[in-house]
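Residues per chain, in single letters:
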Amino acid sequence: MNRSNVTRKRATMMLDFDDEDDNILGALPPPNAKKRKEEDIDNLATGPDDFIKTLTEAGFHPRTGNLPNLLSVQQFEFQQSLRENLTTSVHYPRSIEFFVSECDTFFNNRDNFIKALHLTENSGDQETSNAITLPQDSLVRLLLQIDEIQTKLMATILKRFTKAAKEERPLATGVNLPSLILSQIAWLNRIVDPVHVVDTLLDLLNSSSSTIRKEIISCLPSVVGDKENIRVAFVLCGMLDETNNSLTAAILDVLGDLSLPVDEAAEIRQKVVKRLPNVPLETVPVLLAFVFKRIKPDETLSIIKEVGLHFDKIFKKRHERVSKDTVNDCISLSTESIQNSMIGSKSLADTWLKEIQSKTELTCSDMLVLVIQHKISGRRPEVELTIRKKIRSEKLTTELVKETFKLYDCVLKNYFEQLCAIADNLILTSDPLLALHGSVFFQEMFVHFDEFYQQEVVQALIQYVSCAGHNSSSNNSPATAALIVLQELADANWNHLVRFSAFIVSLLEYIEYMALPQVKRVMELLAKMAYGFSMTDETKVRLASFSASIQSELLMIIKKQLAGKQVEYQRMGILGSVALIHVLANPELVGELSGNGQFSQSSQSSSSLTITDTSRSGVLQSDQRLIQAKAIIDIVNASTKHVPEVTALFMDEMASTSLVHDIHPSLHSYLYDGVSEKFQEHFVVDETEQQIDIFQIPLSLQYGLDTVEEDTPSVAMVFLNIAPMAIKEQIRKDKRDRESANQPSLTTLMSHFRLLRNTIDSFEEANLEDIDALLGCALCLPTDEVMDDLERMSQTDKDIVCRCYFYGINWCIEVINTFARSKPMRAKVIQRLRDVVDLKKKFYRVLAKNSSFMPPPSVFLGEPARALKEKSKSGPKKKGAASKKGGTKGKGSNKVNSQNDTTLATPNKSILHSTPRESISEVSKFDFVPSQPGKVGEPDMVVSTYPIHFRELDLSVFVLLSSTLELTENDATTALKPTDLELLLGDLAAKLEHKLLTAAPKRRFPLKQESEYDSFLMLDLYIPMEVAKRSVSLIRRLTTHLEAISGYFQQLIEMSDGMLDGPEMFTELAQRLGNSYTLIFRILNRIFSWHEFQKSTGAPLLEDALKFIAGRVRDDAKTANIEELQVSSFDYIEKFSSSVTSFACAVEHVQLLVSLYNHHPEPELSERLATVAEGYLKRSWNTADGESNKGSKFNRDIENMIQIYLLHGSNGFGKLEDIITNAMAEVIQSDGRESGSESESFRTCNKATFTFYFRAAFVALVENVKKIPGPGASPRSVKETFKTWEKVVYLLNQLVETVKTNDKRSILISCLKHGRLVIEFFYKSAMPLLDKQFKNIKEESQELLKNLQKSTRTLQNVCNHAKISSDQTLAANIPAMTRIREAIFYRVKHMLAAHGCAEAFWIGNLKNKNLKGQEILSQGSTAESDDGGQVQNASSEDDDTEEEDDDVTVLRENIAEPSDSDSRSREY
């Protein structure tokens, strides 16, 4: 085309344009100022004249320089005017090409192009009108929104974008031209040719820089059409593997915005989630948001597993180039992404929770997800239940909780309320293991969170103490757990905790309502906060102002308590004083003394406790600390010298302090000098100092181990002055001689000796040889003839005799505690152990003739049983009231009930508010509610109205187990007799049960709970790890005794020709050895089931324990690996099954095997464990008179044994079928006959144990149903799974049909509870299988559903029975049973309809029947019977013969005839 033609074309365009303008202007009002205003616009941009004129006449004015472009009309007016101008031209569509060409020429000027990409301003005239005054779109965007122009202009714009993208240097003006161009293309109302645009942008992805590629990727969702989504998505997904990590976030953002089909989206998600370990931290939140966005249920589980596998590992990597703040931000964003995803998708939250529930090993991310789900509305109960179950199964350990807080502390503070709720739920339970984890939650929150949250934690813990109520004195109460947490925080985080001293000191307001052990914890906490820092610790000295307030409050209240006249207050003061002494005299805090290293004892009065001027700032000098400690000792001695019980408490607590904590040598010297001199002066005499034949009660020197040499007759025998002192005390009490109240008392004997022993152990200048004479010295006690004449004595003399034996027992126990570790004195110590057994026999013999005897206190850190004393004083007056209230008959029952009520009520009340005040003389004889569990030598019957307990054996005593076991009549001096062994093992078992927590919850009857503080006060001084270490060291000695006892019983079995219940098995020796046999298994089981063995801290100790066991059967135990040790240990323990002669021992033996199996769950060991349990179940366990064992404990043990047998090993359904169809069926068939009610195959299955067999079988059925795997792809796998479900339905029918012959309440409850679970699993697992395979196994499926229908009908009858009988426990299970029956009804209907078999589904009216199959008459039928004559119950046929259609698959059992009874069955 030549130049003339171009000029002619332009003229033609201008002519046409003018004609169109004339037509438009003719239709508009006359020209006004607007036209003139447009002509007045200056600084118009230069360019093609036609292009500029066309834009100007349409209302757009491009300008030069820094002036923005102007738009004098609305955007749509400009676009409409320009479109009409171009499309109505005679040269259309060439006019469009010419306009775009002119536009491209105009854009050749870079400034014009950049300005055309920026927003346009409104003209001044438009701003004064009612038009929009906001900035308008840019020229490029205005033109691209015109469809006729867009295609050609888009090509021009993309060419310029390509050119700009390839430029390495940015513009001098600092404008990001590629980003500016993409912003004009994005989010257009319509793209005429999206394929071309997408192709161009994708091509640029391979040749552009990372910055430009990121811009292009971000722009794609706004440009890509629906048809191009899949192609773009797979291109971007491929770039994830090809490109660097800098584009990952941008690609994931885009992929989440693209609309993709289900299958393609799932494929891309799987590819993306596998890149989780390799992406940078900043990309993790984006990746998680993408994979969880619009996720489908069938792919949820695989995504969750992949995320859980790598989530913790990602954030544990502390990259050098990534700051901690960046890591915390990524964790916060990732957590927020997970939370939003679970809130938006219920299936995701449900699947994640079920995945955690099914895990055998939890991770920190699992713990984090549980906390997140706890925040989601409606999920709190299920999450808390999951946490409790995981703790009990030892999958959620305290180590995991601590690691989770350490890793995710930055985000967990956002869930503070949820963490507090979880901790509250755990700490308020009665399970000590759960409470321990609740305490760890609070402790970790305090350690890792800010000061605001720390204050909330402290206030919550104090609230547990202040609001504990009547349960505050319990050893496992929330108050005790809260105090333990505060003590641990004081030890580890004193600097942070001391800031909240104003809150902590408020604990003093509640000590009146606490038990003494809790008061002790409060005092130790306050003493630690007040003086728990040294002058050399500058960091803590700066915080001394906080502790100064605690110092003044604590010292003031201790002085008031010690100066008071109430014994309970003095006890509290003693505990506070001992706590202060321990902290003040701590050698680490005292440091170096000035001068000669000794503190001055003259600078402080022995009768005053003051705060010196130096301590007003909260800081004490080294000398002042020791002076203050000595002053406390002096004031305690002065205040308590008239109250033996309080003095004994002080000595016991000081002995415990010197045993566990270090005390400065200077103070030790001061204590030793006073204790050693007073003990010999008060309690040890010789024959010349004390005559024993001057009293009314015959006395003699007994149990002496040291004899006087014949060649030195002048030497007087030294003895312990027990009986004379007891008689003198009673005389002083009768005379109410207050002047001699400071005379030595036997009440302090054991405490005084214990303090002397511990002081010697801690004091370097003394040793036990100084007091070894006390081990063999004789005891002055009543003669044996006194026991025969006891009934003729006065009540006072009876009490004296009982008191003498009681003190004698406690003295021997303390002597054993002192000298047990001394090998040269081992023979005497063992003799003292026998003396304890002999003295107990005598004590219980005289106690049987003096049941009203109130034993003197021997353990002083407990609740005084003052109510017991008051009850004894007013007993005859309250008998009638007690008899009416309790509904009992007879004097004896009134007496026992009265005592039991008092015993149960007293520990839960404050000693300050439950009883009136009494004087010192009236409260001088206290006893304590805690009583020791049954020990050897104690009678089975109740022989005393008051609880009896003795001093506690120390852990060091069990070194005596290293002595050999003597089974003959020889009096071996260093060998243990069976009675000695039984005594030691019984005490050790009780200690381990108290201290070593296991995952299995304890089940106790409410009236038979063990006392909270009895016999474990010394044990509680040790941490569980220390107790476990000492217990593991005893394993070798225990196995030695185990082998000796096993050999003894094997000899008896051989002598009895293989009989396990011959007469020799019931001798006294065999019974004692059998008890020891049981106790050893129980001890070993307690050791190996300790929950700390599941943690890394307990793994080395577990290995040591296994080495001790495995070392009995293999020589290379020290070098074997852990798996070999576990198998060898199982082999060793398993062999003892042939010598077990009692069912109690069999239970402990199997439980020990279970504990060993849990450490190494191999299929072979599981099979062997089931074999051992089966052998025990098939044996007949008889008593000495030939009768079968019975009782509640035996029945519970039977149930546990059955469950172990059915849940371990292979072929669980086969064993279930054998139990149900053989053992239980034999008992049902023989029911009603006097003999033969015992199963021939399982001898333990009889009429008495049938209910427990039934319940255990139902539980095992449910557990085995849970293990049924899903069908595989092969037809054989489908067939096997279907056969398994047939077996399940058959067993369910057999169990449910039992209610027709045995309608015991426990059986009905098991049917409703466990039968519902089986049907639920059938609904969830079997029905999907039938859906897929119905066409292939149509007849088998119908038969399976018919068999299931039999069970559902019978269960409906059970529901009817529950409604008729108005049994609330049974009725509580009806709604859930009704729901699952209704659900499976509709599920079957849906399945048949989906396969075109709707005609096979027939609905009819089902009559309501009772357990016997008799119809339950309605009111209507009853009225008809009344009219017609006698009322008769219409009985129907059995369910098996009931009329039904051949094609019927299931009946709608809920639809029955409209009657009152039927309406009741419709309740949900």
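Anything mentioned here points back to the structure above.
Rules of the game
- All chains use their own residue numbering, which begins from 1 and follows the written sequence.
- Local features in this predicted model are restricted to residues whose pLDDT is 70 or higher, and side-chain atom pairs enter the listing and the counts only when it is 80 or higher, whereas totals over whole chains, interfaces and linings include all residues.
- Side-chain measures were taken over the full set of non-hydrogen atoms in the model, leaving aside hydrogen atoms and water.
- For this analysis, a ring pair means two rings from Phe, Tyr or Trp (six-membered ring only for Trp) whose centres lie within 6.5 Å, classed as stacked if their planes differ by under 30 degrees, edge-to-face if by over 60, and tilted for the remaining angles.
- Each residue's exposure class comes from its accessible area (1.4 Å probe, protein chains only) as a fraction of the maximum for that residue type: buried when under 20%, exposed when over 50%, partly exposed otherwise.
- Strands are runs of DSSP state E lasting at least 2 residues, helices are runs of H or I lasting at least 4, and numbering of each runs from the N terminus.
- By definition, being over a ring means that NZ of Lys or CZ of Arg is both within 6 Å of the ring centre and within 35 degrees of the ring normal.
- Think of a salt bridge as a Lys or Arg side-chain nitrogen and an Asp or Glu carboxyl oxygen that are within 4 Å of each other.
- Here a helix's expected span is defined as the number of its residues, less one, multiplied by 1.5 Å.
- Think of the arc as the fan of directions from the helix axis to the C-beta atoms.
- By definition, residues are in contact when any of their heavy atoms lie within 4.5 Å.
- Only strands joined by at least two bridges in the DSSP assignment are considered to pair.

Describing the packing of aromatic side chains
Using the criterion set out here, one finds 41 aromatic pairs in the structure. With a centroid separation of 5.6 Å and 65° between ring planes, the pair formed by Phe 449 and Tyr 453 is classed as edge-to-face. The pair Phe 449 / Tyr 453 is uniform in exposure class, with both members buried. Relative to Phe 1322, the ring of Trp 1285 has its centre 5.6 Å away and its plane inclined at 90°; by these criteria the two rings are edge-to-face. Of this pair, Trp 1285 sits in helix H57 (residues 1275–1296) while Phe 1322 sits in helix H58 (residues 1305–1333), placing them 37 residues apart in sequence. Phe 1322 matches Trp 1285 in its accessibility class, with the two residues each being buried. Here a set of aromatic residues connected by ring pairs shows up, and it is made of Phe 405, Phe 416, Phe 441, Phe 449, Phe 452 and Tyr 453. If you follow Arg 160 out to its NZ or CZ, it ends over the ring of Phe 113, 5.2 Å from the centre. Taking NZ or CZ as reference, Lys 1178 lies 5.3 Å from the ring centre of Phe 1242, over its face.

Some details on the pattern of salt bridges
For the coordinates displayed, the defined rule picks out 52 salt bridges. Across the pair Glu 1134 and Arg 1168 runs a salt bridge, and its minimum N-O distance is 2.5 Å. Pair noted here: Glu 1134 is in helix H51 (residues 1122–1134) and Arg 1168 is in helix H53 (residues 1163–1177), with a separation of 34 residues, a long-range link. Arg 1168 shares its class with Glu 1134; the two are buried.

A few points about helix H4 (residues 75–87)
With 13 residues, H4 extends 18 Å from end C-alpha to end C-alpha; this agrees with the ideal 18 Å at 1.5 Å per step. Regarding H4, the residues found buried are Gln 75, Phe 78, Gln 79, Leu 82, Asn 85 and Leu 86. Burial along H4 is one-sided: seen end-on, the buried residues are contained in an arc of 130°.

Some details on helix H37 (residues 722–735)
Between its first and last C-alpha, H37 extends 20 Å over 14 residues, near the 20 Å set by a 1.5 Å rise per residue. Lining the buried residues of H37 we find helix H36 (665–683), strand E5 (699–702), strand E6 (718–720), strand E7 (778–782) and helix H41 (795–819). Positive backbone phi, approximately 55°, marks Arg 736, located one or two places after H37.

Structural notes on the sheet that holds strand E3 (residues 121–122)
What the three strands build is an open sheet, ordered E1-E2-E3; its pairing is mixed. Every interior strand has two partners, whereas the edge strands, strand E1 (60–61) and E3, have only one. With two bridges joining them, E1 and strand E2 (residues 70–71) adopt antiparallel strand pairing. The residue bridging His 61 from the neighbouring strand is Leu 70, located in E2.

Any functional reading would require information that these geometric values do not contain.
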